[in-house]
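# Descriptive structure summary
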Amino acid sequence: MTTLSERIDPIRSSIGEPDYGTPRSTSDVTVTVTINGIEHVVPEGTSIMRAAGEAGCAIPKLCATDSLQAFGSCRMCLVEVDGRRGTPASCSTPVEDGMVVRTQTPKLEKLRKGVMELYISDHPLDCLTCPANGDCELQDMAGVVGLRDVRYGQGGHSHLDAPKDSSNPYFEFDGSKCIQCSRCVRACDEIQGTLALTVEGRGFNSVISPGGLNFLSSECVSCGACVQACPTATLMEKSVIDLGIPTRTVQTTCAYCGVGCTFNAELRGDELIRMVPAKTGGANEGHSCVKGRFAWGYASHKDRVTTPMIRESITDEWKVVSFDEAITYAATKLKDIQAQHGDNSIGGVSSSRCTNEEIFVVQKMIRAAFGNNNIDTCARVCHSPTGYGLKNAFGTSAGTQDFKSVAKTDVIMVIGANPTDAHPVFASRMKKRIRAGAKLIVIDPRKIDLVESAHIKAEYHLQLQPGTNVAIVNALAHVIATEGLIDEEFVAARCDMASFNQWREFIQLPENSPEVVEAQSGVPADVIREAARMFASGLNSAIYYGLGVTEHSQGSTMVMGMANLAMATGNIGRDGVGVNPLRGQNNVQGACDMGSFPHELSGYRHVSDNSVREQFETLWDVKLLPDPGMRIPNMLDGALSGEFRAMFVHGEDIAQSDPNTKHVMAALSAMDLVIVQDLFLNETAAFAHVFFPGTSFLEKDGTFTNAERRINRVRPVMASRTGKQEWEIISDLATAMGYPMHYDNAAQIMDEIAAITPTFVGVSFEKLDREGSIQWPCNDANPQGTPIMHVETFTRGEGQFMETPFVPTDERSNRKFPLLLTTGRVLSQYNVGAQTRRTANSTWHAEDVLEIHEADAQMRGISDGQQVAITSRIGETLMKAHVTDRVPAGVVYTTFHYPLSGANVITTEFSDWATNCPEYKVTAVEIRPADSSIASASTLDDVLQRV
Ligand code: SF4
Ligand code: SF4
Ligand code: SF4
Ligand code: FES
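Definitions and cut-offs
Residues numbered from 1 in each chain as written. Chains lettered and ligands numbered in written order. Predicted model: local features only at pLDDT ≥ 70, side-chain atom pairs only at ≥ 80, totals over all residues. Heavy atoms only, no water. Near = heavy atom within 4 Å. Nonpolar A, V, L, I, M, F, W, Y, C, P; charged D, E, K, R; others polar. Phe/Tyr/Trp six-rings, centres within 6.5 Å; stacked < 30°, edge-to-face > 60°. Helix = DSSP H or I, 4+ residues; strand = E, 2+ residues; numbered from the N terminus. Buried < 20%, exposed > 50% of the residue type's maximum accessible area, 1.4 Å probe, protein only. Lys NZ or Arg CZ within 6 Å of the ring centre and 35° of its normal. Core = buried A, V, L, I, M, F, W, Y, C linked by side-chain atoms within 4.5 Å. Contact = heavy atoms within 4.5 Å. Axes fitted to C-alpha atoms, helices over the stretch in contact; angles between N-to-C directions. Parallel < 35°, antiparallel > 145°, perpendicular 65-115°, else oblique. Left-handed = near helix turned anticlockwise from the far one by under 90°. Salt bridge = Lys/Arg side-chain N within 4 Å of Asp/Glu carboxyl O. Pairing = 2+ DSSP bridges. Lys, Arg positive; Asp, Glu negative; His and termini not counted. Polar contact = N/O pair within 3.5 Å; in protein donor to acceptor, adjacent residues only side chain to side chain. 1 Å grid on protein atoms, 1.4 Å probe; cavity = no way out; pocket = protein on both sides within 12 Å on 5 of 7 lines; lining within 4 Å. Points joined across faces, edges and corners; volume = space filled by probe spheres on them.

## A short note on the site of ligand 1
- As a structural note, the neighbourhood of ligand 1 is formed by Phe 171, Cys 188, Gln 192, Leu 197, Phe 215, Cys 220, Val 221, Ser 222, Cys 223, Gly 224, Ala 225 and Cys 226.
- When the residues that make up the shell around ligand 1 are grouped by side-chain class, the tally is nine nonpolar, three polar and no charged.

## Quick notes on the site of ligand 3
- All residues adjacent to ligand 3 are Cys 254, Tyr 256, Cys 257, Val 259, Gly 260, Cys 261, Phe 263, Cys 289, Lys 291, Gly 292, Pro 424 and Val 425.
- A class-by-class count of the residues in the shell around ligand 3 yields nine nonpolar, two polar and one charged.

## Structural notes on the packing of aromatic side chains
- Evaluated as defined, the whole model comprises 17 aromatic pairs.
- Measuring from ring centre to ring centre gives 4.8 Å for Tyr 170 and Phe 294, while their planes differ by 5 degrees; the resulting arrangement is stacked. One end of the pair, Tyr 170, is in the loop between β5 (164-165) and β6 (171-174); the other, Phe 294, is in helix α9 (residues 290-294), with 124 residues separating them in the sequence.
- Residue class for Tyr 170 comes out buried when judged on its relative accessible area of 11%.
- The class of Phe 294 is buried, set by a relative accessible area of 8%.
- Sitting above the plane of the Phe 794 ring, Arg 494 keeps its charged end 4.7 Å from the centroid.
- The ring of Phe 765 is capped by Arg 713, whose NZ or CZ atom sits 4.1 Å from the centre of that ring.

## Observations regarding the nonpolar core
- Counting 67 residues, the largest nonpolar core has Leu 334, Met 365, Phe 648, Phe 692 and Leu 733 as the members making the most contacts within it.
- Residue contacts for Met 365: discarding those within four places in its chain leaves Phe 370, Phe 648, Ile 730, Leu 733, Ala 734 and Met 741.
- Within the second largest apolar cluster, 65 residues are counted, among which are Tyr 170, Ala 196, Phe 263 and Val 717.

## Focus: the packing of helix α18 (residues 514-521) against helix α19 (residues 525-537)
- Where α18 contacts α19, the axes come no closer than 8 Å and their chain directions differ by 120 degrees. Considering the angle they form, α18 stands oblique to α19. For the pair α18 and α19, the crossing hand works out as right-handed. Note on element contacts: α19 touches α18 through Ala 525, Ile 528 and Arg 529, opposite Pro 514, Glu 515, Val 517 and Glu 518.
- Among the residues forming the contact of α18 with α19, the class breakdown is four nonpolar, no polar and three charged.

## What to know about unusual backbone geometry
- Here the amide bond leading from Trp 776 into Pro 777 is cis, since omega sits at 0 degrees, within 30 degrees of zero.
- Tracing the backbone through its elements, the reader meets Pro 777 in the loop between β31 (773-775) and β32 (819-824).
- At Leu 195, a residue that is not glycine, the phi angle is positive and equals roughly 55 degrees.
- In this fold, Leu 195 is placed in the loop between α6 (183-192) and β7 (198-200).
- Backbone geometry places His 790, a non-glycine residue, at a positive phi of 60 degrees.

## Things to note about the pattern of salt bridges
- Overall, the coordinates contain 51 salt bridges when judged by the stated rule.
- Close ionic contact of Asp 885 with Lys 447 constitutes a salt bridge, the shortest N to O distance being 3.8 Å. Of this pair, Asp 885 sits in the loop between β35 (876-883) and β36 (891-895) while Lys 447 sits in the loop between β18 (439-443) and β19 (452-453), placing them 438 residues apart in sequence.
- Put simply, Arg 613 and Glu 617 hold a salt bridge, and the shortest N to O gap is 3.9 Å. Residue Arg 613 and its partner Glu 617 are both found in helix α23 (residues 610-620); the two are separated by four residues, about one turn of the helix. We note that Arg 613, like Glu 617, is buried.
- Taken together, the shared-partner salt bridges in this structure form one network comprising Asp 19, Lys 61, Glu 137 and Arg 183.

## Topic: the sheet that holds β5
- As summarised here, the arrangement of the three strands in space is β5-β6-β9, forming an open sheet in which the pairing is antiparallel. One side of each edge strand has no neighbouring strand; the edge strands of this open sheet are β5 and β9 (235-237).
- Pairing geometry for β5 and β6, over two bridges, is antiparallel. Bridging from a neighbouring strand, Asp 165 pairs with Phe 173 of β6.

## Here's the deal with the side chain of Arg 709
- Counting through the fold element by element, Arg 709 comes out in the loop between β29 (702-705) and β30 (710-714).
- Here Arg 709 occupies a buried position and makes no salt bridge, while the nearest side chain of opposite charge, Asp 402, is found at 7.1 Å.
- A polar side-chain atom of Arg 709 sits 2.9 Å from the main-chain carbonyl oxygen of Gly 399.
- Polar contacts involving the side chain of Arg 709 include one to the main-chain carbonyl oxygen of Trp 776, which spans 2.6 Å.
- Apart from residues no more than four positions distant in its own chain, Arg 709 is found in contact with Ala 398, Gly 399, Thr 400, Gln 401, Ile 774, Gln 775, Trp 776, Pro 777, Thr 786, Pro 787, Ile 788 and Met 789.

## Remarks on the layout of surface pockets
- Considered as a void within the structure, the second largest pocket measures approximately 890 Å³ in volume.
- Lining the second largest pocket are 35 residues, with Val 221, Asp 421, Asp 449, Val 826 and Leu 827 positioned closest to its centre.
- Counting only elements with at least two residues in the lining of the second largest pocket, the list comes to α13 (419-422), α14 (424-435), β19, β33 (849-852) and β36.
- Of the residues in the lining of the second largest pocket, the class split is 13 nonpolar, 13 polar and nine charged.

As structure tokens, then:
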């Protein structure tokens, strides 16, 4: 006989996660409660519903779910409590010490049946043909309470004719099935923080409304939290409607941004039906954004190439060949090039989209089989200054906190990041904390959504001129130093005093005062002063930053400037504080950890360190070079000067993502051999001679490391469409070049990483499968990983202050190029768009547009929606103009998701002084209405030809 718990939630207990009805209490105090005659000990604040569920006596429910606060509206969960009158709702009644509860009595059964009868009397009786049949809590509850017939009939006034809203590409709203439980409204408020849904009307006439005409035209950002929360078929994924409910689950990790959300991929047979964010996911705790939850269809898109291909010349047609032939062809060419032009004439780029295991094997192939250190990563073009700056200041090239930490922050400073678009699930956490009272300071040239949106308003928006971050961070520190706001105790106890004293002297210089910086940055001095006071006086103040910090000629300086600020105010080493890079790509942290930079082996150890190199040489049985290899820009420049002849490009589209596209394309064209490994024939593949097919994240076996150093498992949800894992192809290529490399599975690669990388010593697939995820360092000292870094001491011992003089970029606006262009991302698209453009996410963003202030638009005779030409001293491209006050006069902004607009056609060769990270965020441009010849261009090549 099945128990009540099993009967209540059959689908969730077979493929999903259990639902205890109300959130877990975090209290350390426990109370004892007797439920149906048996004593249970639970944390204080636990609801009767949760206590009963945990004790195996699940109580019927409809409006409750454990991702939301109790609401107490459906009256299904009534219980009897000794000494209390009536029948309280178990979801909204906390247990008390000594409480005696009965969850199942004749009286309760009668009451619940009566409630259910009323629900069913206004509900379509089409269970057998309903897409949610078998995945509907209303259906389950009707069974649980033993409802057999309904006395009221369905002839009267009802909601059975309520309309459907199919406007969203991914889910449908069928009003006829709504039971008004408000779980969707609360999910949008409490979990997502968008507040897009409301209950309109009162009593019987109340309906759930997304505002506007429909979901698509509303504020909804398609996170899907409401769909997940809905207990009926009212809000339902279209994939479930079309394909049926799933029957099994594989847990894996999203392959989009650096938040690293854990998902339960739910399948029916071998077909993926939906992605449901896992409540056990350390980074996301049951939430997701539109990309991770819905935009996975690219994995089976018709453009996907699943066979190896070769060609002699880039003007030839591709020839489909076997893996053996492609590998032999590539290896022979690589060796010939080295024989002719020297060992150093070849190199490669690893991908932050791929797994740690794949990346580790790529860099190993280059160091061991290519015989040089010419390995670089796309992190070069995003967060390399983070690695450099944080390593210098704290001793570790990574963020200091876990995401949870933001729940303890009192003052949040967001610099050069747009979390609601680029890191949406973390943004929801942040918004929750802000709505609960934390103060927000935004430093960004653009008015991002966080500056002002539903129930969120930044206390200060420092709307600085692009390129003046360092001036601003210095001015903030100047105020703190000159107004006695330094946490002297923390600095004395934790930091290197010589460097601090030198920094203090520097930062107090008049050139760093808000009054001087006002002229440079455009931010009023009094706003800088007030923001600095707020940051310094918060009990816990934290900095979150993005590419708006790193992608500058002073990116590394700015990272060190933020580290100075955090140390000077004592905001390092505990919950709620820290310096936190919001990493762009899913595994950019991992790519750096795995030794993808030309100067560092895994674990950020310099190649010139003899003892480190010897460990690798012993393990790999090969001699390694002690000198750093070439960075991506060096390889490209080398190609144009003839020294660098061949490149292995792993899962990157450098022809679209790297700055100064013309230069990149010219360099690629100049090479004798370009090998691309990818899902699609991307822009870079146009210059390739060998194409190895990649595997999508749904086929990969391995790990990703997110922005909080969390190592998450990536499990194959389906068989590889190429028949191989990417690390197999790479190993075979290394072997064909004369360096034997073989692994039986990805777990073996992780074992090798753990054996040679001090921060990964305790990591294995077995442990990850057991623990769920681990934040490195994970070693003997921290066997369970390290959520918060630098708690007692900094990794480097004492925190190092660095002088950070502001040096304006050489990229300046002038009479010819009077506007400053800055770039970013939009929620629905991801990076160069190779994945998201091949999904219905293009519904929201079908092309890149140029945001321009009304004053600048008027001056140039540009109207909203008009096609414009954007010219920098590097090149010219086209986009539609969007006239807006999101950007100030003098600044324009665009995204870089579409090859046709090719924003990097116009970005310059300037880069960070320390790491060569390109200065994407500052390009002097002029805008004019497009002439017809350019406006009719239909491909990026076309644009390049015509400009
Ligand atoms: S999909 Fe997300 S944003 Fe849209 S209504 Fe539902 S919860 Fe709100
Ligand atoms: S749409 Fe679903 S979650 Fe929202 S009120 Fe209706 S039944 Fe409840
Ligand atoms: S894109 Fe980022 S925030 Fe969205 S689901 Fe994936 S990992 Fe999470
Ligand atoms: S589940 Fe408790 S009142 Fe609805």
